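A look at the structure
What follows is each chain in one-letter form.
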Amino acid sequence: MEKRKIKLSRRQFLQAAAAAGVLAGTGGAMAFVRQTPARAAAGEPELKYVRTTCSPNCTGACGMKAIVENGQIKAIVQAADYPEPEYNPRGCLKGLSMLNLIYGPDRLKKPLVRSGQPGKGEFKEASWQEALDYSAGRLKEIADKYGPESIGVIFQVGGTGYVHKGAVIALATLAGWSLHHPYDQNGDLPMFWPMTFGVQTEELEPLEWLNSRYVAVFGSNILATRLPDAHFLVEARNRGAKLVVFDPNYSPTAGKADEWVQINPSSDAAVGLGLARVIIEEKLYDEDFLKTYTDFPLLVRLDNGKRLKAEEVKGLSKPDGVPSYREVYVAYNRQFLSVHPEKLELPLDVVLEGELEVELKDGQKVSVKPGFQLLRESLKEYTPDKVEKLAGIPQDKLVRLAREMAAAKPLHLVYGASNYQWYHGDLKGRALALIPVLTGNIGKSGAGISTYAGQYRVRLKVAQWWVPQGKKQNWLPWLYVLHGPTKNMKANWPKHGLKALITGWGNPFDQHNMANKLRQMVEKGELEFVATMDFQMTTSCQYSDVVLPAVSWYEKTELVGSPVHPYLQLQQQAIKPLYEGKPELWIARELARRLNPEFEKHFFPDLDAEAAAEKAIELMLRTGGPSVEGITLEQLKKGPVRVKSEVPGNRQIPFYEQIAHKKPFPPVSIPAKIEQTAQFVKSGRIEFYKDEDLMLQLGEALPVHKPPFEESEYALDPTVRDKYKFSYITRNAIYRVHSTHSNNVWMNELQDGKPRVWLNPQDAEEKGIKEGDWVEVYNNRGSLHAFAVLDPGAGRNVAVFEQGWWSRYLNGESFNSLTYPFIKPTHEIYFVPGMWAPNTAWNECLCDVRKAGDTK
Amino acid sequence: MRLGMVIDLDRCIGCRSCAVACKAHNAQPPGTWWNRVFTPGSEEHQVAVGTNGHLQMNFLPVSCQMCDNAPCEKVCPAGATYTDERGVVLVDYERCIGCRYCIAACPYGVRQFNWEDPHQAKERVGYQEGYEYGYPGDYRDQDGRLVYTPNRPLGVVEKCTFCVQYTSKGEQPACVRACPSKARIFGDLDDPDSEVSRLIQERQAFRLKEELGTSPKVFYLPPTKPSR
Ligand code: SF4
Ligand code: SF4
Ligand code: SF4
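The rules behind the values
- Residues numbered from 1 in each chain as written.
- Chains lettered and ligands numbered in written order.
- Predicted model: local features only at pLDDT ≥ 70, side-chain atom pairs only at ≥ 80, totals over all residues.
- Heavy atoms only, no water.
- Phe/Tyr/Trp six-rings, centres within 6.5 Å; stacked < 30°, edge-to-face > 60°.
- Helix = DSSP H or I, 4+ residues; strand = E, 2+ residues; numbered from the N terminus.
- Buried < 20%, exposed > 50% of the residue type's maximum accessible area, 1.4 Å probe, protein only.
- Lys NZ or Arg CZ within 6 Å of the ring centre and 35° of its normal.
- Near = heavy atom within 4 Å.
- Nonpolar A, V, L, I, M, F, W, Y, C, P; charged D, E, K, R; others polar.
- Pairing = 2+ DSSP bridges.
- Contact = heavy atoms within 4.5 Å.
- Axes fitted to C-alpha atoms, helices over the stretch in contact; angles between N-to-C directions.
- Lys, Arg positive; Asp, Glu negative; His and termini not counted.
- Salt bridge = Lys/Arg side-chain N within 4 Å of Asp/Glu carboxyl O.

**Focus on the packing of aromatic side chains**
Residues and elements named next belong to chain A. Under the definition given, this model contains 51 aromatic pairs over all chains. Here the aromatic rings of phenylalanine 680 and tyrosine 830 are separated by 5.4 Å at their centres, their planes lie at 55°, and the arrangement is tilted. Of the two residues, phenylalanine 680 sits in the loop between helix H27 (674-678) and helix H28 (693-697) while tyrosine 830 sits in the loop between strand E29 (798-802) and strand E30 (846-851), which places them 150 residues apart along the sequence. Residue classification places phenylalanine 680 among the buried residues on the basis of a relative accessible area of 0%. Seen in terms of ring centroids, tyrosine 820 and phenylalanine 822 are 4.7 Å apart; in terms of plane orientation they differ by 55°. Their pairing is tilted. The exposure class of tyrosine 820 is partly exposed, given its relative accessible area of 22%. In textbook terms, an aromatic cluster arises when at least three aromatic residues are bridged by ring pairs, as seen for Phe192, Trp193, Phe197, Tyr415, Tyr420, Phe655 and Phe665. Here the guanidinium or amino end of lysine 109 rests over the ring plane of tyrosine 579, the centre of that ring lying 5.1 Å away. Over the aromatic face of tyrosine 146 sits the side chain of lysine 499, whose NZ or CZ is 5.0 Å from the ring centroid.

Set out below in structure tokens:
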């Protein structure tokens with residue numbers, strides 16, 4: 001056969017490409033990327049590109065372009081339009097296969113009203129009018145009977161969608177319903193942050209990873225959980241940073257590391273304290289930094305364990321103008337000094353060590369020691385050989401790692417959720433935070449400690465849209481719903497408990513702690529009404545009384561600004577809502593009108609949902625404060641805009657202002673007021689010594705290592721000590737964003753449709769389990785079936801399940817039927833929603849594993 | 001011009017985004033994957049390989065290797081498989097007779113057969129009525145050969161085309177655009193200054209089953225960190 005060959009030289013090719021308007025720079029010898037769609041040649045489909053933002057609950061916030069033809073999304077490509085080329089392209093396999101959800105079989109088409117028994121998933125179709133009237137009627141009845149605070153609202157995390165989530169929050173605020181803060185509900189709130197730094201949580205933006213010289217990852221699998229940013233870790237390493245991963249299990253992230261340090265489950269605090277001990281004993285710490293920014297020079301009374309206050313000391317007094325949420329403490333440099341909590345200035349000759357006697361106003365003399373001295377004493381026990389016993393790290397390795405970390409600047413620690421989602425997760429964070437603080441690695445480029453779990457933060461002031469007329473909001477930590485009220489709780493418990501639930505953007509009947517308990521609450525009629533807004537028929541819809549069909553994020557206008565990614569972006573409507581789906585703002589407005597005609601005013605009643613959403617965005621930009629100052633909707637329509645910060649180049653470097661400009665701790669955590677969070681660190685400094693009564697009682701004034709299960713599982717039921725020897729760990733897979741994409745046909749093809757549990761091969765052998773066996777993971781609360789994967793990288797005595805599967809893939813079981821809502825008393829000392837609140841310790845869960853029968 | 005691809009296994013994080021983008025843009029029906037990502041040495045993706053704490057985990061994306069000396073082309077009795085002027089191995093869906101010799105001949109196992117009408121296969125998933133994903137137009141080469149169409153006929157063989165519908169217009173292949181780790185680099189192997197040529201030179205590139213003499217135009221950079 002003759003082949004006619006048309007040869008195009010490289011030059012000709014490039015010319016042709018340029019002529020078609022397709023050659024616009026990405027650098028490199030062959031720049032191919034098309035920035036503007038080429039004119040459609042004859043026979044070529046006419047494609048429209050709509051720039052929007054993928055924003056499920058993963059913190060990715062990846063800029064995407066939908067390729068639209070004839071009103072259908074044909075494919076999705078990364079927008080790759082961030083000004084810093086390092087951020088391009090952001091995205092992952094889930095975002096790129098979103099069309100399977102948008103057009104998939106689980107899409108809700110019409111409003112549904114329950115027709116069968118509660119929880120049976122039997123519905124009849126209804127008109128919007130009927131469904132909304134019915135919902136509003138039921139909500140009114142319940143509010144009249146039990147009080148509006150008996151109606152709970154789950155909205156998941158605000159930063160993924162300020163407009164529509166804000167609308168639902170605003171409605172809840174107007175109606176007086178209870179809000180469940182997602183950050184503590186999801187167990188993502190790392191309590192060491194408010195305890196140590198007085199903030200909700202902070203993190204370096206991933207671009208900053210490139211500036212680190214040493215990256216120590218504790219219990220975070222960035223290669224699975226932060227797909228768009230994982231490359232920065234590899235690049236940082238290739239630029240010369242040492243990458244060390246501390247994890248009981250060998251993960252993909254460990255695979256990219258210079259060193260994987262296998263530790264025992266829940267032993268991170270021992271590691272941190274052991275490292276800190278070496279740094280202190282070998283005097284590798286930054287003394288000036290400690291004196292200037294931490295509570296280490298502050299004196300502690302030995303008689304009662306409390307910090308010495310200036311007002312107690314003879315000859316000292318509280319300076320004027322100190323806000324009431326602060327406290328004035330005392331340091332010593334040949335004389336006792338009042339330490340102003342709003343000024344990070346102490347003479348550098350203050351003492352960090354020793355014991356002193358001080359005369360109080362009443363003439364009493366008491367012994368005091370600086371916090372640093374107490375820390376040093378308490379670290380004495382964490383010798384390398386003790387740490388080896390607790391954590392399994394060989395002694396010489398621990399010492400070497402401590403020296404390396406102390407020598408490398410900038411040093412960055414990643415404090416991951418598998419490390420902290422334990423009962424004593426806060427102690428681990430406090431212990432690990434010692435390392436960057438002792439070495440002065442805070443507030444600087446490429447340095448610090450970061451948490452990359454949970455889309456917790458709002459990036460701008462949202463009150464004008466979220467909190468109509470500044471009305472007081474009711475916040476109820478979710479753990480109390482499962483656990484029941486406690487004696488010490490600071491949040492308000494609704495008099496009749498929770499009687500109704502309104503849910504959006506979440507799937508609590510699969511995903512939340514003790515999902516089975518929630519199911520029982522529906523089945524037994526304790527929850528008298530559940531309404532769910534979603535665009536898909538999730539397990540939670542099945543347990544609802546009313547299902548309101550919402551839309552996916554390709555069908556509406558929204559504002560996105562998540563914590564990990566420093567850009568503010570829009571979701572722009574790529575296609576019209578499918579079926580009878582409606583954006584949540586519209587749903588909230590319709591409910592508002594039915595509950596009280598006055599309420600409707602807040603939601604731009606004269607505008608259609610898209611126009612109203614734009615108005616809400618403009619309102620938030622106008623009133624959002626310094627982080628969005630000058631940013632306009634028009635700008636955002638053109639592309640992503642970096643959120644403003646105090647750091648040069650608007651980079652996201654936590655505590656930059658505190659360190660560079662000596663502003664007191666904490667920086668503001670929006671939306672809390674400074675007086676709410678400053679009370680966590682009354683000294684205005686980084687605090688390692690916590691003198692609240694409960695901290696003293698529990699022996700947690702300073703960070704210590706406490707073994708898992710003693711105060712949780714064994715305290716709840718001593719018999720489990722011998723019964724259940726395995727830890728049940730639920731981790732994220734690359735195939736799901738929690739339960740979103742559980743039903744994505746391609747994701748399931750990539751996993752052969754099989755939920756899996758990872759086991760150590762030796763453990764499996766002892767249990768008679770072979771690769772691929774159908775096994776049961778169980779305890780006395782619940783059970784789960786999955787296929788066994790024997791992983792030589794799995795630690796001993798752990799059963800690792802990749803979370804997020806809908807029950808329908810798990811024989812109707814919820815993988816969260818094994819967990820328990822433990823509440824650690826120290827998490828109830830203060831209450832600021834999502835900032836200091838009890839939160840789920842997913843991994844604090846014992847289980848056993850056995851080969852299951854043949855039923856699949 | 002000889003189009004080729006470099007896949008940097010040091011950068012590859014095994015996320016499979018490339019496989020998914022490939023599937024979407026090229027309208028592959030359920031069960032068909034032109035592009036797969038493996039964890040060499042392990043049956044299961046992202047499971048460590050090794051014993052006694054000496055573990056490793058690497059990833060290997062595999063699609064058509066675009067062999068210069070393509071066994072699939074040689075065995076095709078219908079002349080359906082051919083190499084175009086840019087060195088891209090393509091299948092003319094109108095000529096393929098479905099004998100599947102090429103599937104047997106390909107040492108890399110990347111060719112897929114349409115056992116089922118793709119419309120039917122997609123219908124089983126239950127997409128909204130009338131919904132079709134993938135690049136929506138046909139693409140014919142200069143000789144009129146049909147080398148891309150969103151729904152390949154029942155009974156033909158298909159595989160990676162280096163996204164002929166895009167790259168013929170100077171755009172990047174879907175997998176390259178999709179890779180969040182920028183592990184995939186596409187370009188002209190004939191141009192000594194191209195990034196692909198430069199990387200092959202500098203980084204000890206290797207090819208899969210080099211010993212077979214297929215001479216692939218997909219090159220891999222080793223998964224070890226590059227010396228600086
Ligand atoms: S799912 Fe998350 S990480 Fe993936 S593309 Fe969407 S936002 Fe990005
Ligand atoms: S990889 Fe297989 S299909 Fe591709 S050119 Fe080589 S032999 Fe042909
Ligand atoms: S998209 Fe890139 S990083 Fe992910 S598997 Fe493919 S080549 Fe590897």
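After that view, the rundown keeps rolling.
**Some thoughts on the site of ligand 1**
If you check the shell around ligand 1, you find 13 residues, and the closest are Cys54, Cys58, Cys62, Met64 and Cys92 of chain A. Here the residues of the shell around ligand 1 are counted per class, giving nine nonpolar, three polar and one charged.

**Here's the deal with the side chain of serine 627 of chain A**
On the secondary structure map, serine 627 of chain A appears in the loop between helix H24 (609-623) and helix H25 (633-638). When its relative accessible area of 11% is taken as the criterion, serine 627 of chain A is described as buried.

**Focus: the sheet that holds strand E19 (residues 500-504) of chain A**
Residue and element names in this part refer to chain A. Taken together, eight strands build an open sheet; the order of strands is E5-E4-E21-E20-E19-E6-E7-E18 and the sheet is mixed. One side of each edge strand has no neighbouring strand; the edge strands of this open sheet are strand E5 (123-125) and strand E18 (474-475). The pairing of strand E6 (residues 151-154) with E19 spans four bridges and is classified as parallel. Directly across from isoleucine 154, in E19, lies its bridge partner threonine 503. Of the strands in this sheet, strand E4 (112-114), E6, E19, strand E20 (529-534) and strand E21 (546-549) are in contact with helix H4 (residues 128-146), which crosses E21 at around 130°.

**Observations concerning unusual backbone geometry**
Residues and elements named next belong to chain A. Of the consecutive residues phenylalanine 665 and proline 666, the connecting peptide bond is found in the cis state with omega at -5°. Here proline 666 is to be found in the loop between helix H26 (656-661) and H27. For the peptide bond that leads from isoleucine 670 to proline 671, omega is 5°, which places it in the cis range. Mapped onto the elements of the fold, proline 671 is located in the loop between H26 and H27. With a phi angle near 65°, threonine 59 is a residue other than glycine that sits in the positive phi range. Mapped onto the fold, threonine 59 is located in the loop between strand E1 (48-54) and strand E2 (62-69). With a phi close to 60°, asparagine 797 is a non-glycine residue in the positive phi region.

**With respect to the side chain of aspartate 188 of chain A**
All names here are of chain A. For aspartate 188, the position within the fold is in the loop between helix H6 (182-185) and helix H7 (192-197). Despite its burial, aspartate 188 remains without a salt bridge, the nearest opposite charge being carried by arginine 226 at 8.8 Å. Look past the residues within four positions of aspartate 188 in its chain and what remains in contact with it is Tyr183, Tyr420, Gln421, Ala453, Gly454 and Asn839.

**Let's talk about the pairing of strand E14 (residues 356-359) of chain A**
Residue and element names in this part refer to chain A. On E14, burial follows the alternation: Leu356 and Val358 on one face are buried, whereas Glu357 and Glu359 on the facing-out side are not. As defined by bridge partners, E14 adjoins strand E15 (residues 365-370) across four bridges and the pair is classed as antiparallel. Within E15, the residue paired with leucine 356 across the bridge is valine 368. Where E14 folds back onto E15 in an antiparallel hairpin, the turn is made up of five residues, including glycine 363, whose phi is positive at roughly 90°.

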